[in-house]
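Observations on chain architecture
Given next are the chains, with one letter for each unit.
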Amino acid sequence: QVQLVESGGGLVQPGGSLRLSCTASGRTFSSDVMAWFRQAPGKEREFVAAKTWSGDTVWPQDSLQGRFTISRDNAKNAVYLEMNSAQPEDTAVYYCAANSRWAGPALSGFSYWGQGTQVTVSS
């Protein structure tokens, strides 16, 4: 059974940093695209970033690239999201997702999803 499990969420102060982890199990994901999405209260789930199996990074047009870093460890079947200079608008449930190929940043382009981890940015 394929599972994606996120961890590392919690409360962070504005300007602080947090590192989210996602570990996949059930099969090898080394050739998959692995990504992060987030969903703020009352808003739709949005694409944050993706990392292909070859190491290319995909960012949305409204990029968080300056403050977020996505990385992966294929040997551990894991993908990470490092958040720096956290802002209150980063408060959301963060989801890990995976798909066998890059099919665009829409939710429908990902076959596997984690349950999410809550990140709250507040003083």
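Our subject is the structure listed above.
A brief look at the structure comes next.

Calculation rules
- Residues numbered from 1 in each chain as written.
- Predicted model: local features only at pLDDT ≥ 70, side-chain atom pairs only at ≥ 80, totals over all residues.
- Heavy atoms only, no water.
- Disulfide = S-S within 2.5 Å.
- Helix = DSSP H or I, 4+ residues; strand = E, 2+ residues; numbered from the N terminus.
- Buried < 20%, exposed > 50% of the residue type's maximum accessible area, 1.4 Å probe, protein only.
- Salt bridge = Lys/Arg side-chain N within 4 Å of Asp/Glu carboxyl O.

**Structural notes on the state of the cysteines**
One pass over the structure, following the stated rule, counts one disulfide. The partner cysteine of Cys22 in its disulfide is Cys96, sulfur to sulfur 2.1 Å. In this structure the cystine formed by Cys22 and Cys96 twists about its S-S bond by roughly -75 degrees; its chirality is therefore left-handed. In this pair, Cys22 sits in strand β3 (residues 18-25) while Cys96 sits in strand β9 (residues 92-99), placing the two residues 74 residues apart along the sequence. Classification of Cys22 by relative accessible area gives buried; the value is 0%. Residue Cys96 is classed as buried on the basis of its relative accessible area of 0%.

**Quick look at the pattern of salt bridges**
Enumeration according to the criterion identifies four salt bridges in this entry. Asp90 is the salt-bridge partner of Arg38, the closest N and O atoms lying 2.9 Å from each other. Remark: Asp90 occurs in the loop between β8 (78-83) and β9 and Arg38 occurs in strand β4 (residues 33-39); sequence separation between them is 52 residues. Residue Asp90 pairs with Arg67 through a salt bridge whose shortest N-O separation is 2.7 Å.

**Examining unusual backbone geometry**
Of note in the backbone geometry, Asn77 takes a positive phi value of approximately 55 degrees without being a glycine. Here Asn77 lies in the loop between β7 (68-73) and β8. Using a relative accessible area of 12% as the deciding quantity, one classes Asn77 as buried. The backbone phi angle of Ser85 is positive, close to 50 degrees, even though this residue is not glycine.

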